[in-house]
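Structural overview for review
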Amino acid sequence: MAEVTEAEHREPVMRACVLNLLVYAPGENAAVEVSQIMADVTTQHPSRIFVILPNYDAAESALNAWVTAQCHLSGGGHKQVCCEQIMITPEGEGISQLPSLVRPLLVPDLPVVLWWRDVPSFESRVFDELATTSDRVIIDSANLPNPEEGLVELATLINQRAQWTAFRDLSWSRLTPWRVSVAAFFDSPDWRAHLARLNRVEIECTHDHADRHSIPSQALLIACWLASRLKWRPTSKPQWSGEHGCHVALASEHGPITLRIKTTPPTEGAQGGLNALRLTVESEPSARFVVSCCDDGSYLQTTVELAGTKLDGRVFPVGDQREAQLISRELEILGHDTVYEQALAFFAGVQIQG
């Protein structure tokens, strides 16, 4: 037994790497939070990880780095599979030297993915240089201080870098269960004809923002996804109606459509984000298709009403929405998400309408 145990302990450590993952994450607790997320992510995506922890408030310039490892037992439970994790702490002016430090340390001939775990700063030099180095860039548009302006800037950036860089958005990833639920309505051939007759869309969402005339990115993205998929076109700029709502006029080849977004302040215990989406045909025979989220955000429920008669709905689990799971899913997708890019392009078109 002693010989067997000793032999097991002599099992070599396997080093694995399928991509370079740059994580830009300022904040006091970022080192611990990102390391925990990477422990989950690297079980599916072994990578050379660069955890960048900038300190903009430092009085002096510095650029320090050290190496750790993320290790997991293999399927047999004996052999360890390890990935390098390079921690970098640039301070003050040292932040500007960050891209030149990272580039020589990348594993050649492997994809480079940048996860910008901060407020997207599309005009900053560091973001620009790291994005230029990367094949894919992952942001979270929920962090945009001004979603209306930020999404237009993002649409412009995606258009400019279309040949070299694919952009991903965790807010878009969180919308996947909503998009699946809406699309499922019209899988039925009996209901599909109502798509062309839709003339009213209502979106309700929770938003904790000092600027009442601001709409969270998730609400804007789901609205633009619908409009771009159904080939609607904007006929007016967004108009605010009261403190917590806006509407925009659209048109299809079948007639006008009104799209309204209503925001409400968060309530205790309730999950933030999208609350409900209603698609309505007001002309006879009327129809209404509704997706709503339960209070704890764990599932979506759909309901259908045709000519005043309510039909049985369905329940869709939202699934694991933790950052580690979202990042893992994004890393599985290679190349561009053309549906996302078309939704952003539609939004940019609405903003310049009129």
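These lines cover the structure that appears in this document, whether it is placed above or below. (Residues numbered from 1 in each chain as written. Predicted model: local features only at pLDDT ≥ 70, side-chain atom pairs only at ≥ 80, totals over all residues. Heavy atoms only, no water.)

Further remarks concern the overall build of the protein chain. Each helix and strand counted, the protein chain has eleven helices and 18 strands in total. Within the protein chain, the fraction of its 354 residues that count as buried is 46%. Long-range pairs, those at least 24 residues apart, make up 71% of the contacts in the protein chain between residues at least 6 apart in sequence. For the protein chain, the exposed surface amounts to about 17,500 Å²; the carbon and sulfur share of it is 50%. Averaging the coordinates of the 28 positive side-chain charges in the protein chain and doing the same for the 44 negative ones gives two points 7 Å apart. (Helix = DSSP H or I, 4+ residues; strand = E, 2+ residues; numbered from the N terminus. Buried < 20%, exposed > 50% of the residue type's maximum accessible area, 1.4 Å probe, protein only. Contact = heavy atoms within 4.5 Å. Areas by Shrake-Rupley, 256 points an atom, 1.4 Å probe, with all protein chains shown as cover. Lys, Arg positive; Asp, Glu negative; His and termini not counted. Charge placed at Lys NZ, Arg CZ, Asp CG, Glu CD.)

So, about helix α7 (residues 176-185). With seven of its ten residues buried, α7 lies for the most part within the structure. Those residues of α7 that fall on the buried side of the exposure criterion are P177, W178, R179, S181, V182, A184 and F185.

Here we take up the packing of aromatic side chains. Applying the stated criterion across every chain, the model contains eight aromatic pairs. Ring centres of W172 and Y340 lie 5.2 Å apart, and the angle between their planes is 55°; on these two criteria the pair is classed as tilted. Taken together, the residues span a long stretch of sequence, with W172 in helix α6 (residues 170-174) and Y340 in helix α11 (residues 338-352) at a distance of 168 residues. Look at Y340 and you get buried, because its relative accessible area is 1%. Members of the aromatic cluster, connected to one another through ring pairs, are Y24, W116, F122 and F127. The ring of W172 has R179 lying over it, and the distance from NZ or CZ to the ring centre is 4.0 Å. (Phe/Tyr/Trp six-rings, centres within 6.5 Å; stacked < 30°, edge-to-face > 60°. Lys NZ or Arg CZ within 6 Å of the ring centre and 35° of its normal.)

Turning our eyes to something else, we now look at the state of the cysteines. Summed over all chains, the structure comprises one disulfide. Across the disulfide, C71 is cross-linked to C82 (sulfur-sulfur distance 2.0 Å). Residues C71 and C82 share a disulfide whose torsion about the S-S bond is about 115°; that sign makes it right-handed. Residue C71 is found in strand β4 (residues 62-73), and its partner C82 is found in strand β5 (residues 80-91); the two are separated by eleven residues along the sequence. Residue C82 is classed as buried on the basis of its relative accessible area of 12%. (Disulfide = S-S within 2.5 Å.)

Turning our eyes to something else, we now look at the packing of helix α5 (residues 147-160) against helix α9 (residues 217-229). As a packed pair, α5 and α9 sit with axes 10 Å apart at the nearest point and diverge in direction by 55°. Relative to α9, the element α5 is oriented oblique. Crossing angle aside, the handedness with which α5 passes α9 is right-handed. Here α5 contributes P147, E148 and L151 to the contact with α9, which in turn contributes S217, L220 and L221. Tallied by class, residues from the contact of α5 with α9 come to four nonpolar, one polar and one charged. (Axes fitted to C-alpha atoms, helices over the stretch in contact; angles between N-to-C directions. Parallel < 35°, antiparallel > 145°, perpendicular 65-115°, else oblique. Left-handed = near helix turned anticlockwise from the far one by under 90°. Nonpolar A, V, L, I, M, F, W, Y, C, P; charged D, E, K, R; others polar.)

Take helix α10 (residues 323-331) next. If you check which residues of α10 are buried, you get A324, L326, I327, S328, E330 and L331. Summarising the contacts, the buried residues of α10 are in contact with β2 (19-24), α2 (30-44), β6 (112-116), β7 (136-139), β8 (166-169) and α6.

Relative orientation of the contacting elements α7 and α9 amounts to 35°, with a least axis distance of 11 Å. Judged by the sense of rotation from one axis to the other, the crossing of α7 with α9 is right-handed. Packed against α7, whose contacting residues are W178, R179 and V182, the element α9 presents I222, W225 and L226 at the interface.

Note that all results are geometric; they support no functional claim without further evidence.
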